[in-house]
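# Fold and contact review
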Amino acid sequence: MTVFRDGRAVIDDPWIHAAPDAPLPAGAVVVDKPRFLEAQEELLARPSPLGLELRPGEDLDGIEPALGRLALIVLRFPRFADGRPYSIARTLRDVHGFAGELRAAGDVLRDQLGFMLRAGFDSLDVQDPATIAALRDGRVVAVRRHYQPASRRGTEAVPAGPSWRRLAPPASIG
Amino acid sequence: MSRDPQDGERVVVSANALRSGAVVYRRTDGDWTSDLDTAAAAETPAAADALLRAAGEDAGRGLVVDPILVAVDRIGDETRPRRLRDRIRAEGPSAGSSRPVTAPR
Amino acid sequence: MYRYDEFDAAFVRERIAEFRDQVARRLAGELSEDQFKPLRLMNGVYLQLHAYMLRVAIPYGTLSSRQLRALARIARDFDRGYGHFTTRQNLQFNWIRLEDMPDILETLAEVEMHAIQTSGNCIRNVTADHFAGAAADEIADPRPYAEILRQWSSLHPEFSFLPRKFKVAVTGSPRDRAAIQVHDIGLELKRDADGALGFAVWVGGGQGRTPMLARRLRDFLPESDLLAYCEAILRVYNLEGRRDNKYKARIKILVHEKGEAELKAAVEAAFRHTRATAPALPREEIARIAAYFAPPEFTARPAESAACEAARRTDAAFARFVARNVHAHRVPGYAIVTVSLKPIGGAPGDARADQMEALAGIAERFSFDELRVSHEQNLILPHVALDDLPAVFALLQRAGLATPNAGLVTDIIACPGLDYCSLANARSIPVAQRISERFADLDRQHAIGELKIKISGCINACGHHHVGHIGILGVDRKGEEFYQITLGGSADETCSIGTIVGRGFSSDEVVDAVEAIVETYVARRHAPDETFLAFHRRVGDAPFRDALYRKAA
């Protein structure tokens, strides 16, 4: 598994996913929603950054007040065709103004990366070897023109014409 | 469902060729052909499984898509699918614009 | 009609390049079929019984003659010389090779067409009234809104992996010719007390295994909120629609299981947020798009045409054509013409390349270069001067496109069925052909009057049988084709789902059954102008059941 952010593979990604029912390791740790709800204050009081992983079907109830204190949220795609994380991502960015790292994990494949980044994800936890290779080689060419605003912080220009158009700079995805 | 071959029926395996989409059948030599009469047949469930598995491997290699077993009857040198759907796949649409117009309207 | 600018053209080219790369990776074995399938579906490529099928998008059913000629070229160069117009205003080619796909898409792109999102679990072609911009009863042309929705929904990052397909329809008239009540979102244009434009918003209609009529969530949504409200609906659906069972994954099931009030509350809650983030639609933005749909330069003409009237008196065939296939236009001296793609004994909705070319020429000369596709699988010439009707009729006759049966019993809607479709359980085209031949006599057809027969080859209901006056559903009964008949469906503003009349019929029996139904109606209607639908609504299924199932004396 390789994490990609800002067009590059991340060396030494610090995040450890907490094993269920095991004591938490030191350092930056990602917990799931049930564990977070059980021990919110303790977890947030830790000196190291805290991350939260949500599976599709888990909503933001009970989490909203703490969003500003989470450094990372991971949204898992059990199958690439399960599009629920896209809505959660946009809600986090656009409704709640979540400014931390938003990571896509699970069935993260080359042909959905463009959608993910525009929906607000800014890092990708990739397991598929073909996708990893394509990203490393810079072979994933981003489509530049879009008919809706993106939820990513960033660099899409608003070209002439209808106000909902967007034009991304020429670049490969990452 | 009545479109699945029953155990003990004579079957061949059919699929669509990946590039062209054409209906093809697997031969004993492993090649795929549009000629149903030369398709490899299986007459036991075990043989049918083996045939389908081999076809699945071909699908995995990107030769064909969606292999299925097709129940057939052998009449002389000819192989004829038992079910209407498979006959239509083998012979083309029974009606409509791809069939030559036989009488002026 | 909408014309691409540089941005639109570049968008399509980028997407073709992306798909070309995906096809190459599939053929090279880098993508499995499981990974590739949603990608090809999002580009309109199905795998059917005999070959790949390409469904070309015809946005809100509007075509130019240049585009129709390109479709004819594709039919000739890449297919078997014909195409099939669908119940969602699109066109299907049935014999496509995957390796030819990128070249076909380039040919389409040259005439500002594509096949994006005509399949897959995403927002599909936004359909609209095929008489848009021409009908006398229109409040406003729905097509600018359909075009805005088309753009907004194209490769939307949030809504490209929905639980299931999503279909939107827009009507600009209270007379609903777009079947909005059997769509996932149905939009009805209206004006408020101050004359401002907005929509009644209907949600959760659909056919298929569990047909349901849509619920009206909003009586009046201001036009400026259109995209924000649609985003809210889609977001709730994307998050809460079922993903465990393909047959329960449409939004109509969510409305049914969650409850209309709960769904509305969820949509309104989401709307409070999407209002801030979805693209705004102030009047200037709508006007910018509406400018593409400005009416053509009609000339001032008298309401009646002497030439047309004279031809009606002397040419019985022309008179018959005018009686059925010509409809009132909002501009005096003009008419809307239905070009029937239902010749007696033909495959409903099919058009040959030479017919497409003939029609392109007619549209160019006589209809301001514009055509429409109706969801009843006919083509429309929306703006024909009455003076030109005799000439148009003669040209249509030469092309075999002058069947005067619009809305009559032989104007059958049928899906491709088991002859083409891998989902089908029974054939539909031969049933349509045989019914058509049984009722071939034009005098008889006119005596029967308006009667919409709709045939589906499986429960997915692509033939819209649930909303046929007579609906026919093909099923597989122990390996034999079998046909269930429903009565009293309607797709218009009085939308209703047909009721199953009783035990089904074999392939041999079904045409006789349909004839018995028709004869029952003709014998017992109050007057010739009581339509079949009105008659059924008055008397119910009982007389038909008696006719179909009573034992011979």
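Residues numbered from 1 in each chain as written. Chains lettered and ligands numbered in written order. Predicted model: local features only at pLDDT ≥ 70, side-chain atom pairs only at ≥ 80, totals over all residues. Heavy atoms only, no water.

### Considerations on the overall build of chain B
Scanning chain B from N- to C-terminus turns up 2 helices and 5 strands. Starting at the N terminus and walking to the C terminus, you meet the elements of chain B as β-β-β-α-β-β-α. Projected onto its principal axes, the C-alpha coordinates of chain B cover approximately 50 × 30 × 30 Å. For chain B, buried positions account for 45% of its 105 residues. Summed over its atoms, the accessible surface of chain B is roughly 5600 Å², and 46% of this surface lies on carbon and sulfur atoms. Computing the positive centroid from 16 side-chain charges and the negative centroid from 17, chain B places the two 5 Å apart. (Helix = DSSP H or I, 4+ residues; strand = E, 2+ residues; numbered from the N terminus. Buried < 20%, exposed > 50% of the residue type's maximum accessible area, 1.4 Å probe, protein only. Areas by Shrake-Rupley, 256 points an atom, 1.4 Å probe, with all protein chains shown as cover. Lys, Arg positive; Asp, Glu negative; His and termini not counted. Charge placed at Lys NZ, Arg CZ, Asp CG, Glu CD.)

### Focus on the interface of chain C and chain A
With 44 residues of chain C at the contact, the number on the chain A side is 34 residues. Carbon and sulfur atoms supply 58% of the area that chain C and chain A bury against each other, a total of about 3600 Å² over both sides. Counting the surface chain C buries against chain A, the share from its top three residues, C:F7, C:P157 and C:F161, is 22%. The interface formed by chain C and chain A includes 8 salt bridges. A:R145 is the partner of C:E14 in a salt bridge, and the nearest nitrogen-oxygen pair spans 3.4 Å. Looking at the side of chain C that touches chain A, the elements with two or more residues in it are α1 (6–27), α2 (33–41), α5 (143–153), α6 (226–240), α8 (260–277) and α9 (283–290) of chain C. Across the side of chain C that touches chain A, the residue classes break down as 20 nonpolar, 10 polar and 14 charged. (Contact = heavy atoms within 4.5 Å. Buried area = accessible area lost by both parts, 1.4 Å probe. Salt bridge = Lys/Arg side-chain N within 4 Å of Asp/Glu carboxyl O. Nonpolar A, V, L, I, M, F, W, Y, C, P; charged D, E, K, R; others polar.)

### Observations concerning the arrangement of the chains
Across the 2 pairs of chains in contact, the largest number of contacts is found between chains A and C. Considering only C-alpha positions, the minimal separation of the non-contacting chain A and chain B is 16 Å.

### Some points on the packing of helix α14 (residues 429–438) of chain C against helix α16 (residues 507–524) of chain C
All names here are of chain C. Put simply, α14 and α16 touch, their axes get as near as 10 Å, and they point 40 degrees apart. Taken together, the axes of α14 and α16 are oblique relative to one another. In terms of crossing hand, the pair formed by α14 and α16 is right-handed. Note on element contacts: α16 touches α14 through S507, D508, V510, V511, D512, V514 and E515, opposite V431, R434, I435 and R438. For the contact of α14 with α16, a count of residues per class yields 5 nonpolar, 1 polar and 5 charged. (Axes fitted to C-alpha atoms, helices over the stretch in contact; angles between N-to-C directions. Parallel < 35°, antiparallel > 145°, perpendicular 65-115°, else oblique. Left-handed = near helix turned anticlockwise from the far one by under 90°.)

### Observations regarding helix α2 (residues 84–91) of chain B
Taken as a whole, α2(B) has its buried residues at B:L84, B:R85, B:D86, B:I88 and B:R89. In this structure, the buried residues of α2(B) make contact with β1 (11–17), β2 (23–26), β4 (64–75) and β5 (78–81) of chain B together with β19 (480–487) of chain C. One or two steps after α2(B), the chain reaches B:G92, where phi turns positive at roughly 100 degrees.

### Here's the deal with the interface of chain C and chain B
Of the residues lining the interface, 35 residues belong to chain C; the matching set on chain B comes to 25 residues. In total, chain C and chain B occlude about 2400 Å² of area from one another, counting both sides; carbon and sulfur atoms represent 54% of this. It is C:L27, C:L49 and C:H50 in chain C that bury the most area against chain B; as a group they hold 21% of the surface buried on that side. The tally of links between chain C and chain B comes to 1 salt bridge. A salt bridge links C:E99 to B:R19, with the nearest nitrogen and oxygen atoms 3.4 Å apart. Of all the secondary structure elements, the ones that give two or more residues to the side of chain C that touches chain B are α1, β5 (91–96) and α14 of chain C. Looking at which element gives the most residues to the side of chain C that touches chain B, the answer is α14(C), with 4 residues. When grouped by side-chain class, the residues that make up the side of chain C that touches chain B number 17 nonpolar, 7 polar and 11 charged.

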